[in-house]
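The residues making up each chain are set out below.
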Amino acid sequence: MYTISEYNEAAKCLSDRLGDFNPEVLIILGSGLGDLAEICPDPIIIDYKDIPNMCSSTALGHKGRFVAGILGEKRLLMMQGRLHFYEGWTAEQVVFPIRLAKLIGIDKMIITNAAGGINTSFNVGDLMLINDFIKLNGMNPLIGKNLDEFGPRFPDMSKVFDREYMQLFRDTVSSFGDSVREGVYFYCTGPQYETPAEIRAMRILGADAVGMSTVPECIAARHCGMRILGITLVTNMASGILEKPLDGDEVIAAGKAASAKFCKYVIEFLRRLS
Ligand code: HPA
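Calculation criteria
- Residues numbered from 1 in each chain as written.
- Predicted model: local features only at pLDDT ≥ 70, side-chain atom pairs only at ≥ 80, totals over all residues.
- Heavy atoms only, no water.
- Core = buried A, V, L, I, M, F, W, Y, C linked by side-chain atoms within 4.5 Å.
- Buried < 20%, exposed > 50% of the residue type's maximum accessible area, 1.4 Å probe, protein only.
- Helix = DSSP H or I, 4+ residues; strand = E, 2+ residues; numbered from the N terminus.
- Contact = heavy atoms within 4.5 Å.
- Near = heavy atom within 4 Å.
- Polar contact = N/O pair within 3.5 Å; in protein donor to acceptor, adjacent residues only side chain to side chain.
- Areas by Shrake-Rupley, 256 points an atom, 1.4 Å probe, with all protein chains shown as cover.
- Axes fitted to C-alpha atoms, helices over the stretch in contact; angles between N-to-C directions.
- Parallel < 35°, antiparallel > 145°, perpendicular 65-115°, else oblique.
- Left-handed = near helix turned anticlockwise from the far one by under 90°.
- Nonpolar A, V, L, I, M, F, W, Y, C, P; charged D, E, K, R; others polar.

### Describing the nonpolar core
Then, in step 1: Core analysis: the biggest nonpolar cluster contains 86 residues, and Leu26, Ile27, Met78 and Met109 have the highest contact counts within it.
Then, in step 2: For this core, the element with the most residues is helix H8 (residues 248–272), which contributes seven residues.
Then, in step 3: The residues contacting methionine 109, other than those within four sequence positions of it, are Leu26, Ile28, Ile98, Glu217, Cys218, Ala221, Met226, Arg227, Ile228 and Leu229.

### Concerning the site of the ligand
Then, in step 1: Surveying the vicinity of the ligand reveals the residues Ala114, Ala115, Gly116, Tyr193, Glu194, Val210, Gly211, Met212, Thr235, Asn236, Leu246 and Val251.
Then, in step 2: In this structure, a nitrogen atom belonging to the ligand sits 2.6 Å away from a side-chain N or O atom of asparagine 236.
Then, in step 3: Calculation on the ligand without its partners gives an accessible area of 260 Å², and the protein chains cover 95% of this total.
Then, in step 4: At the level of secondary structure, the elements contributing two or more residues to the shell around the ligand comprise strand S5 (108–117), strand S8 (209–211) and strand S9 (227–237).
Then, in step 5: Per element, the largest residue contribution to the shell around the ligand is three residues, and it comes from S5.

### Things to note about the packing of helix H1 (residues 4–18) against helix H4 (residues 96–103)
Then, in step 1: Running from N to C, H1 and H4 point in directions that differ by 65°, and their axes come no closer than 9 Å. Between H1 and H4, the angle is such that the two are roughly perpendicular. In this structure, the crossing between H1 and H4 has a hand that is right-handed. Across the interface between the two elements, Glu6, Tyr7, Asn8, Ala10, Ala11 and Leu14 of H1 pack against Phe96, Arg99, Leu100 and Leu103 of H4.
Then, in step 2: In the contact of H1 with H4, the residues fall into seven nonpolar, one polar and two charged.

Encoded structure:
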């Protein structure tokens, strides 16, 4: 387990690198959605490998760096690439950057991901506001001694996703004449895609989309009291819905195709965020 001094050492390094730039919002960019960081003017770029005690991402479509800069008039710390449990990191290593963000004073998070659509009314390319999640596996970043500096032993998860942020995002999307889906995200560790039987079971349980990220970070972020907006991009229909196998390249390609509208909505959301 990390000690508080290991978190503090990393946070000090991150804030030294940021100088007097104090980010207000953490944005985690999912597979293929990294363009938001690319369009940021005058960014401060910090590789994860340069932060003590932090691991670096190895996943398809993920770079391993923080990009800090201003978009939508807000000071952002973006993660271009995240850590996944399936890469072999511990649950605690996966959420390390969330806690770093908290230690440098950030209390708002926009978290994004690519996921498979379980809800058969969804289409590839749809964006879904996450209104809740289901996690039925044992992966959990809070197992172990509780770090009271971050939050309580038994944190509440009754409203993981901030209702005001959800409304603001809906309003933002409608201001462009578009609409956004809404639903429940089912977390699997991966790395294999699901079986058709698993997808049918998830649908019965009330899930709308399935993916291999986001939930660990949201648990850690709620534990330390951050407000969260969660956005899923449906990059494929989940296993068994269409008569074709799933593959990772399709997921990245769908991310790239949706990137422009995703960036437009997020920047306008930030502009409206008080
Ligand atoms: N399943 C799990 N994770 C995913 C999927 C999927 O179908 N698509 C993108 N990430």
